[in-house]
Amino acid sequence: MIQPAVIAAVAAVIGGVVAVSVRDSRLVALGLLLALVASPLASSPEPAALAICFRSIGALLATYLLWASARSQSIASEGSGVGAVAELAAVCAAFAVGWFVVPVKPLAGPVAAQAAGIALIALALVPLAGRDVLRVGTGAAVLTVGISLLLQAWVGPATSAQQIAMTVLLVGMVGATSLLISPIPLPSSRPVPAGPSAGDDVESDSDDLPAPPAATPARTVSKPTPAGPLHDAESRVGAVGAPPDPQVSPNQRFAPGSPRVRRLHPRDPRQ
Amino acid sequence: MSLLAFLVACGAGSVLGLAGRASGRAGRLVGLVGLFAAILAALFIGSTTRLSVADVTLAGSEYSGRFLACAAGSGLVLCLVALASGRSGRLAPAALASFAGLAVAITAVDPGVALTAGAVATTAGALVLTRQTIDSEPDGRLAEMRTIGLVAAVFVGAAMALAHPAWTGQGDSPVFVLGFCGLGIGLAVRSGAVPFHVPAVRMGSGGSPLAPALLLVWIPAGLGVVAISWSATTFGIHSDWLEAVVAAVQVVAVATIVLGALAALVHDELEEIVAYSIVADAGFVLLALAARSDAAAEPARMWLLAFIVAKTGLVAWAAAVSHSFGTSNLGRLRGWLRRTPLLGLALVAIVIATLGWPGSAVFGARSTLIRLALPEGLQLLLVGAFVLSLAYTGRLLLVGLLSPAEDVAAATVSAPAGDDAVAALATPAPTKRRGSRAAAVALPTATASAAGEAVPGKVAGTVAGTVAGTDAGKVAGTLAVASASATATATDQGAKDGPTRPQAATGESGTTPDLLRKLLTVWRLNRTLEASLVVAVGAAVAVILASGGLGASDASQFGIPLDTAARATSTPLPPPTLATAPTPAPTLAPHITALPSISPGAGGSANLSPSAAPVKTAVPVHGPAN
């Protein structure tokens, strides 16, 4: 009979694969949700119900943060940097290594947790090397989940306090990702007084931002872009010929007709 | 109780501060109140402080109380400077969130919780990096996300070394090497050490100009406390690979100290100079990590206290200077010292607090760290770091003594009078917003003086209102009218005609300025002065801390609970037996010895350590590594 820990480990790996391979950030959030919920279950003995609830609520909160930041506009990552097939092959290989190579004897947790941990760590390496904030953040979260699975396998089930700390860490990481990929309020989108007065309390995050530039013709000289499949969206936009608009968030700089980056049903930003 | 109060103050202040950001002043006020409450709570954290959360105990110590108080106090100083210079209110919630994580990290007796909490504190840095840059290629957000991921992975993974699983291979040595390497990389990346310095230096343009205080000072200092306390008791083993990694950390530390100071010497932007200065001094934390000695823990803790306060003061100083003159370019800041001598005094005090003087606690800490961490041939690094720090600070002061540049001359800091006031009125608004802000601070005063000459108060208010803008202009106009009565009497001409003209001004405006409004006006007209005063007060506190005052020296003798937790695990050298259980080190807090003495091992055995806190990761003693 298949143990629940094995099912949870496999589910965590599947969630990780989905999170780092798909392009739609909403699917990324769903993949992360699966990985975050399943990872604490891949331990033996299973953690307390309260700890599982806490981890699940934390996973929902983290996913919601990512979902919310992707809801108001189209945020897409490049998907897998090396191709979904290559990702899948690497994950399978790492899972097999983790299943058959046991560096700790006796193993304090299930071997499935070790295999899943190694697979997720291997899976996170390519996104961490990318240049897209969403993918880097996703990779960091997957990496942390993988290390926590290794800890469960090698050291034993985490205590309640460690579960709480890990939950807060994952929520913080995904929250940081959602914050960093969010579009930034532009200076022109809010009322700007003609000049500050003595004693005013204006928010001045954009102190150094110049006025929005006048419309400039698209440059004909393409910006040199690195070769290879790991191009980021910005470099592709540069290659199309239009200069990067400083008023546009990097995640919005997907030029129409860009060869690989798909624009995902743009919606009107919420007022 | 005090620890709980600190956590509540930090958590509530952070959440409410973020939620209240839309309301502007309320959000900032909540942040300031939260920081003030955190300081008060931290001052009461001592060796008897205990807090149980789930199945982990948070145990306070003298040092953790002082550290958190210094961090929260530094945050309050910087937020006051931000308030005075009209900057963002996002720093306070981010700082409070970080302090909550750091508080758990340096008080938890469970290494897994402590290291994970340290990683949690790092994630709060994203809150201050949400400003879009013009050149998006060196976008700091990508670097920050990588840093967060790396620190989290490293610290959570490093818990594995303390957890001490039963490896099947060559014992613990490879794991300890990986753990030490990971800690070194995590600290180096977070503190912006060479060669990871580029994102740190560009942070000023990618986030708030005050962001380096959080990302390069407070968070790395907290992580440093955790890592150093652990390093001193856990990594004292002899292994060829570990020696190689230690040598690499030493190289990075020396390169960071020297190259960081050199870079601060040659750069012209204040933000870059400050960032490189912080980076250079963060190299001493890496030196403490490389020392792997109990003897290095106490000076490292002392250094971290001074580092937090002094470097925060430097960030605040740079923010105040930039705000005063509307530029951060050193070439355009010629003569700054002549116009803001108080900031000059503050800079001198900050340098003294950073470098110390022979016999001071900070000087002793820096020299001890170099002596313990580096071979004899590199002991001259102390002199080199001292000279280089004096060089780039002296350059700042020297530039400030030159004849004022155009920006400095235009940004009138003190109250103008006579022709200057008229000229200030006739001068069009500066193009740069910072410049306009500095001019706007001076403008009502100039208007007041002009009103003292010939212009009626209504005209003065109208002019100021026209220049200042729409809604804000109404306020400025009212303030200018009020300032006419407040400042015109201070001038000679005003003294001559004062009894009539202020009355005319107030009479025409239809308002009667009461004492409260006058005080408010004077307070607002001297924003640069109050920012300078805050910086000066922070610098003075830094000097006192550098001398070992305010309990800094005494608190540095005590460790944090992770010291004891690390001791509870077996350390391969010297060959441990039950008879040679870890002896209490002089850096241990006395209260730690009162904790339960037997900690269960992972393998089900017990590790007999008379001074050990209960940890779940202790294991039976092992033979020597290798």
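A quick note: this is a predicted structure, and the numbers were derived from the prediction, not measured.

A. Expanded view of the overall build of chain B. Tallying secondary structure elements over chain B gives 28 helices and 4 strands in all. Within chain B, counting contacts between residues at least 6 apart in sequence, those at least 24 apart form 78% of the total. Of the roughly 21,300 Å² of accessible surface on chain B, 67% is carried by carbon and sulfur atoms.

B. The arrangement of the overall build of chain A in detail. When helices and strands are counted, chain A shows 8 helices and 0 strands. When its helices and strands are written in sequence order, chain A yields α-α-α-α-α-α-α-α. Across chain A, the fraction of contacts at a sequence separation of at least 24, relative to all contacts at a separation of at least 6, is 72%. For chain A, the accessible surface area stands at approximately 11,600 Å², while carbon and sulfur atoms represent 71% of it.

C. Main features of the packing of aromatic side chains. Tallied over the entire structure, the rule returns 7 aromatic pairs over all chains. By the ring-pair criterion, three or more aromatic residues cluster together here, those being B:F284, B:W303 and B:F307.

D. Examining the side chain of A:S39 more closely. All names here are of chain A. Tracing the backbone shows S39 in the loop between helix 2 (25-38) and helix 3 (49-71). Look at S39 and you get buried, because its relative accessible area is 0%. Apart from residues lying up to four places away in sequence, S39 is in contact with A12, R55, V145, L149 and Q152.

E. The arrangement of the pairing of strand 1 (residues 50-53) of chain B in detail. Residues and elements named next belong to chain B. Here strand 1 runs beside strand 2 (residues 56-59); their pairing, made up of 4 bridges, is antiparallel. Bridge pairing links V53 to V56 in strand 2. Hairpin remark: strand 1 followed by strand 2, antiparallel, with 2 residues in the connecting loop; positive phi at A54, about 55°.

F. Structural view of the confidence of the model for chain A. Residues and elements named next belong to chain A. In this model, chain A carries an average pLDDT of 71, and 63% of its residues clear a pLDDT of 70 or more. For chain A, per-element mean pLDDT is lowest for helix 8 (residues 233-240), which scores 38, and highest for helix 5 (residues 111-128), which scores 90. pLDDT under 50 marks residues 186-267. Its contacts with residues more than four places away, or in other chains, come to 158 contacts.

G. Spatial organisation of the packing of helix 1 (residues 2-19) of chain B against helix 4 (residues 91-107) of chain B. Residues and elements named next belong to chain B. Running from amino to carboxyl end, helix 1 crosses helix 4 at an angle of 155°, the nearest separation of the two axes being 7 Å. Relative to helix 4, helix 1 is oriented roughly antiparallel. Regarding helix 1 and helix 4, the two cross each other, and that crossing is left-handed. Judged by residue contacts, L3, F6, L7, A9, C10, G13, S14, G17 and L18 of helix 1 engage P93, L96, A97, F99, A100, A103, V104 and T107 from helix 4. Taken together, the residues that form the contact of helix 1 with helix 4 break down as 13 nonpolar, 4 polar and no charged.

H. Examining the nonpolar core more closely. All names here are of chain B. Grouped together as the largest cluster of nonpolar side chains are 235 residues, with contacts concentrated most on F6, F67, F99, W218, L287, W317 and W336. In terms of residue count, helix 13 (residues 294-325) provides more of this core than any other element does, 20 residues in total. Sequence-distant contacts of F6, defined by excluding residues within four places in its chain, comprise A38, A41, A42, I45, L68, F99 and A103.

I. Examining the packing of helix 2 (residues 25-43) of chain B against helix 4 of chain B more closely. All names here are of chain B. Two numbers describe how helix 2 lies on helix 4: the axes approach to 9 Å, and their chain directions differ by 30°. What the angle tells us is that helix 2 and helix 4 run roughly parallel. For the element pair helix 2 and helix 4, the recorded crossing hand is left-handed. On helix 4, the residues touching G31, G34, L35 and A38 of helix 2 are A92, L96 and F99. The class makeup of the residues in the contact of helix 2 with helix 4 is 5 nonpolar, 2 polar and no charged.

J. Examining helix 4 (residues 84-100) of chain A more closely. Residues and elements named next belong to chain A. When the terminal C-alpha atoms of helix 4 are compared, their 24 Å separation across 17 residues agrees well with the 24 Å that a helix rising 1.5 Å per residue should span. Among all positions in helix 4, only E87, V91, A94, F95 and G98 are buried. Angularly, the buried residues of helix 4 cover 105° about the axis, an arc narrow enough to put them on a single face. For helix 4, the exposed residues set more than 90 degrees away from the buried face come down to V85 and F100. Its buried side turned inward, helix 4 meets helix 1 (4-21), helix 5 and helix 6 (133-154).

K. Structural context of a nonpolar patch on the surface. All names here are of chain A. Taken together, V97, W99, F100 and V101 make up a surface patch of nonpolar side chains, about 410 Å² in accessible area. With respect to the helices and strands, the residue V101 is situated in the loop between helix 4 and helix 5. Owing to a relative accessible area of 49%, V101 belongs among the partly exposed residues under this scheme.

L. Inspection of unusual backbone geometry at higher detail. In this chain, B:V194 is followed by B:P195 through a cis amide linkage whose omega measures 10°. Within the fold, B:P195 resides in the loop between helix 7 (173-191) and helix 8 (197-201).

M. Structural detail: the environment of B:L76. Residues and elements named next belong to chain B. Here L76 lies in helix 3 (residues 62-84). Given the relative accessible area of 15%, L76 is considered buried. Each C-alpha atom of the pair L76 and I39 lies 8.7 Å from the other, and the pair is 37 residues apart in sequence. Here L76 is in contact with L32, L35, F36 and I39, once residues within four sequence places are set aside.

N. Spatial organisation of the pattern of salt bridges. Summed over the entire model, instances satisfying the criterion amount to 6 salt bridges over all chains. A:D24 serves as the salt-bridge partner of A:R26, at 3.2 Å between the closest nitrogen and oxygen. Across the pair, A:D24 and A:R26 agree in class, each one buried. Ionic contacts of the salt-bridge type, sharing partners, join the residues B:D281, B:K311 and B:R366 into one network.

O. Inspection of the side chain of B:T312 at higher detail. Here B:T312 lies in helix 13. With near-sequence residues (within four places) excluded, B:T312 lies in contact with B:S74, B:L78, B:V217, B:W218 and B:F307.

P. Structural detail: the confidence of the model for chain B. Residue and element names in this part refer to chain B. Overall, the prediction assigns chain B a mean pLDDT of 71, with 66% of residues at 70 or greater. Of all helices and strands in chain B, the one with the weakest mean pLDDT is strand 4 (residues 606-608) (34), whereas helix 4 scores best (89). Counted against residues more than four places away or in other chains, residues 132-138, with its pLDDT under 50, gives 22 contacts. Low confidence marks residues 570-626, where pLDDT is under 50. Its contacts with residues over four positions away, or in another chain, come to 128 contacts.

Q. The arrangement of the environment of B:R334 in detail. All names here are of chain B. Take R334: it is sitting in the loop between helix 13 and helix 14 (336-339). Taking relative accessible area as the criterion, R334 reaches 33% and is therefore assigned partly exposed. Once the C-alpha coordinates of R334 and A405 are considered, the two residues, 71 residues apart in sequence, prove to be 5.0 Å apart. With sequence-adjacent residues up to four places away left out, R334 is seen in contact with V399, L402, S403, P404, A405 and V408.

R. Layout of the environment of B:L40. With respect to the helices, strands and loops of the structure, B:L40 is situated in helix 2. Each C-alpha atom, one on B:L40 and one on B:S2, is 8.7 Å from the other, the two residues being 38 residues apart in sequence.

Cut-offs used in this document
- Residues numbered from 1 in each chain as written.
- Chains lettered and ligands numbered in written order.
- Predicted model: local features only at pLDDT ≥ 70, side-chain atom pairs only at ≥ 80, totals over all residues.
- Heavy atoms only, no water.
- Helix = DSSP H or I, 4+ residues; strand = E, 2+ residues; numbered from the N terminus.
- Contact = heavy atoms within 4.5 Å.
- Areas by Shrake-Rupley, 256 points an atom, 1.4 Å probe, with all protein chains shown as cover.
- Phe/Tyr/Trp six-rings, centres within 6.5 Å; stacked < 30°, edge-to-face > 60°.
- Buried < 20%, exposed > 50% of the residue type's maximum accessible area, 1.4 Å probe, protein only.
- Pairing = 2+ DSSP bridges.
- pLDDT = per-residue confidence, 0-100.
- Axes fitted to C-alpha atoms, helices over the stretch in contact; angles between N-to-C directions.
- Parallel < 35°, antiparallel > 145°, perpendicular 65-115°, else oblique.
- Left-handed = near helix turned anticlockwise from the far one by under 90°.
- Nonpolar A, V, L, I, M, F, W, Y, C, P; charged D, E, K, R; others polar.
- Core = buried A, V, L, I, M, F, W, Y, C linked by side-chain atoms within 4.5 Å.
- Expected span 1.5 Å × (residues − 1).
- Arc of directions from axis to C-beta.
- Patch = residues over 30% accessible without salt bridge, like charges linked within 9 Å, V, L, I, M, F, W, Y side chains within 5 Å.
- Salt bridge = Lys/Arg side-chain N within 4 Å of Asp/Glu carboxyl O.

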